[in-house]
Amino acid sequence: MSSAWAQAFALVFDPYNLLVMVVASLFGLFVGAVPGLTATMATALLVPVTFFMAPIPATAAIVTATAMAIFSGDIPGCLMRMPGTPASAAYTDEAYAMAKKGQAETALGAGLVFSALGGLFGTAVLMLAAPALAEFALKFSSFEYFWLVLLGLTCAVFMTSDRPLKGFVTLMLGLLVACVGLNNPAAIPRFTFGSTELLGGIGMIPMMIGTFAISEIIRYAVDTNPPLRIVDQPIGNVFKGMWALTKKYPVQILRGNAIGTLIGALPGAGADIAAWITYAISKKFSKEPEKFGTGCVEGIVEAGSANNSALAGAWIPALVFGIPGDSITAIVIGVLYMKNMNPGPSLFTNNPQNIYAVYLLFIMANLMMLPLGWWCIKVSKQILKVPRAVLMPVIMLFCVVGSFAINNTAFDVTVMLIAGIAAFFLEASGFPIAPAILGVVLGGMLEENFVTSMIKSDGRVLAFFERPIAAALGAMTLAVWFLPLLLRHLRRLAGIEVEQ
Amino acid sequence: MKVNDAIWGALLLLLSVTILIHIQSFPNIPGQKVGPALFPGFIAVGLAICALALIAGGLAARRRGIEQAPWIGAEAWMRSPRHIVALTLVVGVNVFYIRFVDMLGFVLTGVIYLAALFAAFGVRPRWIFPLALIITLVIHYSFYKLLRVPLPWGLLERFAW
């Protein structure tokens with residue numbers, strides 16, 4: 001135990017690793033602060049580079065860059081009324097209203113300090129919950145895993161869209177993509193159409209780069225909105241008054257952190273949804289809800305801490321079960337597999353030093369956020385002036401080379417392009433992308449556990465409910481599917497439709 | 001570009017029927033009840049159900065009023081030639097890259113790639129070429145030299161450094 005911790009410290013405080021963290025921080029702060037570049041995109045762009053690193057520095061790069069990006073997304077939201085990442089969208093109007101009142105430093109300071117606090121809270125939950133869950137998960141058989149994956153996918157559908165039907169469609173498309181290739185229990189080539197390149201399946205990393213980076217660039221290319229103006233207010237000391245805010249809103253901070261971590265841990269839903277939900281909760285339970293929207297810091301305190309705690313929360317199911325909590329961890333899981341750090345309960349028993357190192361990385365990243373974030377706010381006006389007309393093409397060429405670099409094949413560039421175009425059109429018609437990504441990541445696992453269970457039980461469907469935990473997970477999954485339909489039916493029977 | 005749900009539904013229905021037909025050709029595993037066709041089959045059936053629901057929903061929306069649910073919703077960029085050119089180029093340069101990178105080599109392809117996009121996004125003309133060249137060389141150096149990714153030289157093979 002203690003020697004594993006010593007190894008973890010050595011891994012994290014290695015000079016090369018620290019250098020990677022600083023560079024990744026600057027990269028993350030920049031990507032988050034430029035509207036149109038998201039934290040997920042930062043992760044996707046990092047993958048080709050982390051491909052050439054050892055496991056811990058690779059993980060460090062992603063953990064630090066995403067934590068920084070989720071914070072710095074607040075900056076353009078506050079100064080330009082344009083969220084830097086979707087996770088800041090929930091309170092962009094609020095922060096902008098504060099900036100116009102001359103309180104930009106309070107809005108940004110709250111974003112910074114409570115982001116770091118939220119990240120640390122999420123990490124603490126990760127450190128406590130993940131090993132306990134892992135111990136529990138060691139007893140899981142294919143039946144439990146089947147239901148767990150299905151429950152995760154169901155969650156993704158219901159959490160990421162107000163129209164579950166469209167979420168189901170993208171989930172099915174994702175599962176279908178996962179079917180391509182030889183990688184199935186029977187090892188039969190499926191949907192390869194004679195192509196040797198498709199035998200190995202559709203490359204997950206090029207697909208993610210396409211989905212999260214190329215689609216954003218297409219969106220930029222067709223954006224007809226006039227360029228936004230930056231609020232011209234001097235920004236003073238951002239740390240001023242933060243202690244007073246902490247004393248004024250302890251309940252909000254704790255609630256934001258707890259709900260944020262929980263939403264992060266739910267598969268599919270990440271920082272952006274955590275921020276929307278906690279902002280709404282903050283308003284509902286506030287003593288002065290009428291002030292929300294006019295430039296009041298209360299919602300920013302709660303939602304700003306929630307989105308960063310969600311980041312750490314998302315790693316809980318990712319590390320323990322290999323089920324991503326959000327789109328960032330969906331990419332992370334791909335990276336972990338490439339690095340032979342296959343997620344799952346055995347990671348906790350066989351290589352605890354790697355897990356402890358991940359905890360330390362999270363703590364470090366959130367502590368580094370305070371000085372680096374402070375500096376980023378100082379230079380934010382310069383960052384916001386970076387010409388996106390130059391930046392976007394450069395990112396796209398980088399994506400092309402990055403997709404190529406994973407397997408050194410031009411085929412992956414084609415995969416990237418098609419995924420980007422598909423994601424753009426699907427999203428334009430209101431189809432959520434997160435379920436598709438989860439479908440691709442979890443499709444293989446779902447099928448494998450399904451087929452194994454079917455073989456073990458000799459085709460008896462009831463066997464899926466015979467083990468107690470499997471039965472509970474199965475019942476939960478079916479409840480999520482059918483409860484909404486049942487409730488609607490009951491309401492109709494009760495004659496509520498008469499009101500319409 | 002918001003495409004009506006009914007059109008999406010029809011396309012998805014076509015896809016699911018194609019899959020259902022295609023998986024009939026998958027072999028069975030002797031002595032086992034579950035073959036490689038079962039899982040894609042479930043997905044195709046699920047997709048077909050969703051597709052039918054989308055068609056029903058899309059048509060119902062049209063019956064309520066065509067204005068809210070056109071077959072293909074027009075967006076601001078579809079009326080702006082500049083944006084249509086930009087979109088075409090974003091896709092076009094990638095197709096160009098995939099098609100020609102082996103022949104022309106990364107450096108030449110990269111410069112053309114970036115220059116075309118800079119022009120489309122309105123970078124000042126005198127900056128286009130120098131920026132495209134410098135950035136291509138930086139990306140080439142980082143990936144080719146530092147990360148040892150075998151980017152093709154193509155026409156510039158003789159000058160390889």
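Residues numbered from 1 in each chain as written. Chains lettered and ligands numbered in written order. Predicted model: local features only at pLDDT ≥ 70, side-chain atom pairs only at ≥ 80, totals over all residues.

Participant: Could you give an account of the overall build of chain B, naming the residues involved and the relevant values?
Facilitator: Of regular secondary structure, chain B possesses 5 helices and 2 strands. Here the C-alpha radius of gyration of chain B, 24 Å, is well above what a compact globule of 161 residues would show, namely 15 Å. Summarising its shape, the C-alpha atoms of chain B cover approximately 60 × 55 × 20 Å along the three principal directions. Per-residue burial over chain B gives 29% buried out of 161 residues. Taking the contacts inside chain B whose residues are at least 6 apart along the sequence as the reference set, 64% of them involve residues at least 24 apart. (Helix = DSSP H or I, 4+ residues; strand = E, 2+ residues; numbered from the N terminus. Rg over C-alpha atoms; globule rule 2.2 N^0.38 Å. Buried ≥ 20, exposed ≤ 12 C-beta atoms within 10 Å, placed from the backbone. Contact = placed C-beta atoms within 7 Å.)

Participant: Let's hear about the overall build of chain A: which residues, and what values?
Facilitator: On a plain count of helices and strands, chain A comes out with 23 helices and 0 strands. Taken over the C-alpha trace, chain A has a radius of gyration of 22 Å; the compact-globule value for 500 residues is 23 Å, and the two agree within 12%. In terms of principal-axis extent, the alpha carbons of chain A reach across some 70 × 65 × 55 Å. Looking at the 500 residues of chain A, the share that counts as buried comes to 59%.

Participant: Let's hear about the interface of chain A and chain B: which residues, and what values?
Facilitator: With 44 residues of chain A at the interface, the matching set in chain B holds 49 residues. Those elements giving two or more residues to the side of chain A that touches chain B turn out to be helix 9 (164-179), helix 10 (204-221), helix 20 (388-407), helix 21 (410-428) and helix 22 (434-456) of chain A. Ranked by residue count, the leading element in the side of chain A that touches chain B is helix 20 of chain A, at 12 residues. Classifying every residue of the side of chain A that touches chain B by side-chain character gives 36 nonpolar, 6 polar and 2 charged. (Nonpolar A, V, L, I, M, F, W, Y, C, P; charged D, E, K, R; others polar.)

Participant: Kindly report on the environment of Ala6 of chain A, identifying the contributing residues and their values.
Facilitator: For Ala6 of chain A, the position within the fold is in helix 1 (residues 2-12). C-alpha separation for the pair Ala6 of chain A and Gln353 of chain A, spaced 347 residues apart in sequence, amounts to 8.0 Å.

Participant: Would you mind going over the domain arrangement of chain B in detail, with residue names and values included?
Facilitator: Here chain B is partitioned into domain 1 (2-73) and domain 2 (77-159). For domain 1 of chain B and domain 2 of chain B, the distance between their C-alpha centres works out to 38 Å. (Domains from an automatic or database assignment.)

Participant: Lay out the packing of helix 10 of chain A against helix 21 of chain A in plain terms, naming residues and giving numbers.
Facilitator: All names here are of chain A. At a minimum axis separation of 7 Å, helix 10 and helix 21 run at an interaxial angle of 55°. As far as their axial angle goes, helix 21 and helix 10 are oblique. The two elements helix 10 and helix 21 meet at a crossing, and its hand is right-handed. Taking contact as the criterion, the partners of Pro206, Met207, Ile209, Gly210, Thr211, Ile214, Ser215, Ile218 and Arg219 in helix 10 are, on helix 21, Asp412, Val415, Met416, Leu417, Ile418, Ala419, Gly420, Ala423, Phe424 and Glu427. Taken together, the residues of the contact of helix 10 with helix 21 break down into 12 nonpolar, 4 polar and 3 charged. (Axes fitted to C-alpha atoms, helices over the stretch in contact; angles between N-to-C directions. Parallel < 35°, antiparallel > 145°, perpendicular 65-115°, else oblique. Left-handed = near helix turned anticlockwise from the far one by under 90°.)

Participant: So what's going on with helix 6 (residues 92-100) of chain A? Which residues, and what values?
Facilitator: Think of an α-helix as 3.6 residues a turn; residues three or four steps apart then line up on the same face. All names here are of chain A. When we look at burial in helix 6, the residues that qualify are Thr92, Glu94, Ala95, Tyr96, Met98 and Ala99. At its buried positions, helix 6 is contacted by helix 5 (74-80), helix 7 (104-137) and helix 14 (298-313). A positive phi of about 85° marks Gly102, the residue just after helix 6.

Participant: Could you give me a rundown of the nonpolar core, with the residues and numbers involved?
Facilitator: As a rule of thumb, soluble globular proteins bury nonpolar side chains together. Counting 225 residues, the largest nonpolar core has Ala107, Met172, Ala213, Ile217, Ala275 and Leu361 of chain A as the members making the most contacts within it. Of all the elements, helix 7 of chain A adds the most residues to this core, at 15 residues. Each of two domains, domain 1 (2-73) and domain 2 (77-159) of chain B, supplies a minimum of three residues to this core. In this structure, Ala107 of chain A is in contact with Cys78, Ala95, Met98, Ala99, Val297 and Ile300 of chain A, ignoring residues within four places of it in sequence. (Core = buried A, V, L, I, M, F, W, Y, C linked by C-beta atoms within 7 Å.)

Participant: Quick rundown of unusual backbone geometry? Include the residues and the values.
Facilitator: Notably, Asn340 of chain A is not glycine yet its phi reads approximately 60°, a positive angle. Assignment of secondary structure puts Asn340 of chain A in the loop between helix 16 (327-338) and helix 17 (345-350). One non-glycine residue, Arg148 of chain B, lies in the positive phi region at around 60°. Along the chain, Arg148 of chain B turns up in the segment after helix 5 (125-146). Overall, the presence of 10 C-beta atoms within 10 Å leaves Arg148 of chain B in the exposed class.

Participant: So, the confidence of the model for chain B: which residues are in play, and what are the values?
Facilitator: All names here are of chain B. Averaged over all residues, the pLDDT of chain B equals 88, while 98% of them reach at least 70. The least confident element of chain B is strand 2 (residues 72-73), whose mean pLDDT is 76; the most confident is helix 4 (residues 106-121), at 94. Per the prediction output, this complex has pTM 0.88; the corresponding ipTM is 0.93. (pLDDT = per-residue confidence, 0-100.)

Participant: Could you give an account of helix 12 (residues 250-265) of chain A, with specific residues and numbers?
Facilitator: Residues and elements named next belong to chain A. Relative to the 22 Å expected for 16 residues at 1.5 Å per residue, helix 12 spans 23 Å between its end C-alpha atoms, a close match to the ideal helical length. Among all positions of helix 12, only Gln252, Ile253, Gly256, Asn257, Ile259, Gly260, Thr261, Ile263, Gly264 and Ala265 are buried. Those residues of helix 12 that are buried lie in contact with helix 7, helix 11 (242-248), helix 13 (271-285), helix 14 and helix 15 (315-321). (Expected span 1.5 Å × (residues − 1).)

Participant: Explain the packing of helix 3 (residues 39-50) of chain A against helix 20 of chain A to me, using residue names and the numbers behind them.
Facilitator: When two helices pack together, their arrangement is given by the angle between their axes and by how far apart the axes lie. Residue and element names in this part refer to chain A. Between helix 3 and helix 20, whose axes approach to 9 Å, the crossing angle comes to 45°. In terms of their interaxial angle, helix 3 and helix 20 are classed as oblique. By crossing handedness, the relation of helix 3 to helix 20 is classed as left-handed. Along its contact with helix 3, which presents Leu45, Val47 and Pro48, the element helix 20 presents Phe398, Gly402, Ala405 and Ile406. Partitioned by chemical class, the residues of the contact of helix 3 with helix 20 number 6 nonpolar, 1 polar and no charged.

Participant: Can you lay out the environment of Ala89 of chain A for me, pointing to particular residues and giving the numbers?
Facilitator: All names here are of chain A. Tracing the backbone shows Ala89 in the loop between helix 5 and helix 6. Overall, the presence of 19 C-beta atoms within 10 Å leaves Ala89 in the partly exposed class. Between the alpha carbons of Ala89 and Leu29 there is a distance of 17 Å; along the sequence they are 60 residues apart.

Participant: Describe in detail the environment of Gly167 of chain A, supporting the description with residues and values.
Facilitator: Residues and elements named next belong to chain A. If you trace the backbone, Gly167 turns up in helix 9. Gly167 sits in the buried class, given 27 other C-beta atoms within 10 Å. Here the alpha-carbon distance between Gly167 and Met127, two residues 40 residues apart in the chain, equals 31 Å. With residues near it in sequence (within four places) discarded, Gly167 still touches Val157, Thr160, Ser161, Pro432 and Pro435.

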